[in-house]
Every structure is written in C-alpha cells, then in structure tokens.
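Next come the chains, spelled out residue by residue.
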Amino acid sequence: MQAGDRGIGMGYTGFIDRFEAICHEHLQEGRARAFAFVFYDMTNGVVRRALSDAHGFRLLHEKTGKDITLFYLHDRAIEAHWRSFNKTFMEALGVEEQATPPCMVFFRVHGENIEDVSIYRIDEQTTDPVLVVAELEQYVDDAIKRLNAEGYVSALSALGDLIARVGTLSKVGEFLLKLKGAV
C-alpha cells in the first residue's frame, strides 16, 4: 500500500486484517480473478533490489491490473520479521514443503475454497534486478493470458518455472485463522 511514493507501515495484525479485507473486496467487486504472493528475502538480495530499485513494485502493479491482486512486503516494513512472515504465509497456503523463497505463488479463491495454487521459482542467480523484474512480469503476463484464454486459473500450472501445483488447498476461513493464530 502506498501513500504517494511512500509505503504505508503496519504491523502483522494490521496487515492480516487489511489482507482479508482486500481479498473480499476484490472478489466481490470483480477486481481480481487470482491472487499472488512474492516471497523473498526482504532485507537483501536481487529480488528486493528488483522490486524497489528497478521499480518492480510499480511495474508489477501496472501489469496485474484487475486480473491478479499481488501481495508483497517492502523490506523496511518488517525488516526483522521477513523470515517468519514468509514461513507463516507459506504454511497457511500449504506450500512450505514445495517452495522456498524467492518464489511467486498464484492461487484462486472459489467460494470459500483456496484452489489452483501454483508455485514458481524466481531465479536468484540473476544479478541484474531489471532481468528479475522482467521474469516476474512474464509470470504475470502468462497468467493473465491463460486467465483470458481459459477463463479458469487451473491453467496457471503451465506457467514459467513451475515448482509445484497444489489442488484445493483449504477454506479461506481456515487460511485466515492460521494467519491470525501466528500473531
């Protein structure tokens, strides 16, 4: 969340509450057909530089539009807690066994179910942040093309450097309870 060019700081509980509200709002208003998280080392690394220094935050926001609601945290927001944030969210999504940061995780919400979870590795061997942004943009572009062609996000499993695809994950309420229980 931004206020002009500045990020809006919030604690974990505030983030979870806002996350829940955004998910419900975007689904009800047709503002998102899928959701995604970028999990990465928020204090160091090429993905952090790509998102902040290479304008990745802005570029990805422009790419996702009304199709995908993309979540990521800025490194200064929870600098001391990024590992626990990544771990908690990955466990709640049920992908902790298949994925390690840096990665991008897409998922759909069908009614109360979280489904069509797909995990994509982000190449951390790339040292150029601009190339990492291009990789993330390509994942988003491919996801949107598949959403438009298929009308159903299960086609996301064909994206990029797929690590794993998980079917129905859990209920949205269970997911949020797991997140809230981690406080």
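Quick notes on the rules
Residues numbered from 1 in each chain as written. Predicted model: local features only at pLDDT ≥ 70, side-chain atom pairs only at ≥ 80, totals over all residues. Heavy atoms only, no water. Phe/Tyr/Trp six-rings, centres within 6.5 Å; stacked < 30°, edge-to-face > 60°. Helix = DSSP H or I, 4+ residues; strand = E, 2+ residues; numbered from the N terminus. Buried < 20%, exposed > 50% of the residue type's maximum accessible area, 1.4 Å probe, protein only. Core = buried A, V, L, I, M, F, W, Y, C linked by side-chain atoms within 4.5 Å. Salt bridge = Lys/Arg side-chain N within 4 Å of Asp/Glu carboxyl O. Pairing = 2+ DSSP bridges. pLDDT = per-residue confidence, 0-100. Contact = heavy atoms within 4.5 Å.

**Q** What exactly am I supposed to notice about the packing of aromatic side chains here?
**A** Think of a pair of aromatic rings as described by two things: how far the centres are apart, and how the planes are tilted against each other in angle. Throughout the structure, instances matching the rule amount to 8 aromatic pairs. Taking 6.4 Å as the distance between ring centres and 15° as the angle between the ring planes, the aromatic pair formed by Phe37 and Phe107 counts as stacked. Here Phe37, found in strand β3 (residues 34-39), pairs with Phe107, found in strand β5 (residues 103-110); they are 70 residues apart in sequence, far enough to count as distant. The exposure class assigned to Phe37 is buried, which follows from its relative accessible area of 1%.

**Q** What should I look at first to understand the nonpolar core in this one?
**A** Across soluble globular proteins, nonpolar side chains have a tendency to be buried as a group. By size, the foremost hydrophobic cluster in this structure holds 54 residues, and its most contacted members are Phe19 and Phe89. Of the residues forming this core, the biggest block, 8 residues, is contributed by helix α5 (residues 129-150).

**Q** Teacher, can you tell me more about the pattern of salt bridges here?
**A** Oppositely charged side chains can form a pair if their charged atoms are brought close together. Applying the stated criterion across every chain, the model contains 4 salt bridges. Here Asp67 ties to Arg33 by a salt bridge, and the two come within 2.6 Å at their closest N and O atoms. Taken together, the residues span a long stretch of sequence, with Asp67 in the loop between α3 (56-64) and β4 (68-71) and Arg33 in the loop between α1 (12-28) and β3 at a distance of 34 residues. With a relative accessible area of 25%, Arg33 lands in the partly exposed category. A salt bridge links Lys63 to Asp141, with the nearest nitrogen and oxygen atoms 3.3 Å apart. One end of the pair, Lys63, is in helix α3; the other, Asp141, is in helix α5, and 78 residues separate them in sequence. A relative accessible area of 23% places Asp141 in the partly exposed class.

**Q** Help me out: how do you make sense of the pairing of β4 in this one?
**A** On any regular strand, side chains alternate: one points to one face of the sheet, the next to the other face. On β4, burial covers both faces: Ile68 and Leu70 on one face and Thr69 and Phe71 on the other are all buried. Pairing analysis gives 4 bridges linking β3 to β4, with the strands arranged parallel. If you follow Phe37 over to β4, its bridge partner there is Phe71.

**Q** Is there a simple way to explain the pairing of strand β6 (residues 113-121) in this structure?
**A** In terms of burial, β6 is largely enclosed, as 8 of its 9 residues are buried. Judged from the 7 bridges that link them, β5 and β6 form a sheet pairing that is antiparallel. Paired with Val109 across the strands is Ile114, a residue of β6.

**Q** Teacher, can you tell me more about the confidence of the model for the protein chain here?
**A** For residues with low pLDDT, the predicted coordinates do not support detailed interpretation. Averaged over every residue, the pLDDT of the protein chain is 74; the share at 70 or more is 74%. By mean pLDDT, the top-scoring element of the protein chain is β3 (88), and the lowest-scoring one is strand β7 (residues 162-166) (45). When the criterion is pLDDT under 50, residues 152-168 qualifies, and its contacts beyond four places in sequence or with other chains add up to 60 contacts.

**Q** Sorry, what's going on with unusual backbone geometry here?
**A** Backbone phi values are negative for most residues with the exception of glycine, while trans is the configuration of most peptide bonds. Cis geometry marks the peptide bond from Pro101 to Pro102, where omega comes out at 5°. Within the secondary structure, Pro102 is located in the loop between α4 (82-93) and β5.

**Q** Mind showing me how you'd approach the environment of His26 here?
**A** Inspection of the secondary structure assignment puts His26 in helix α1. With 41 residues separating them along the chain, His26 and Asp67 place their C-alpha atoms 9.8 Å apart. Once residues within four sequence positions are removed from consideration, His26 is found in contact with Arg31, Ala32, Phe35 and Thr69.

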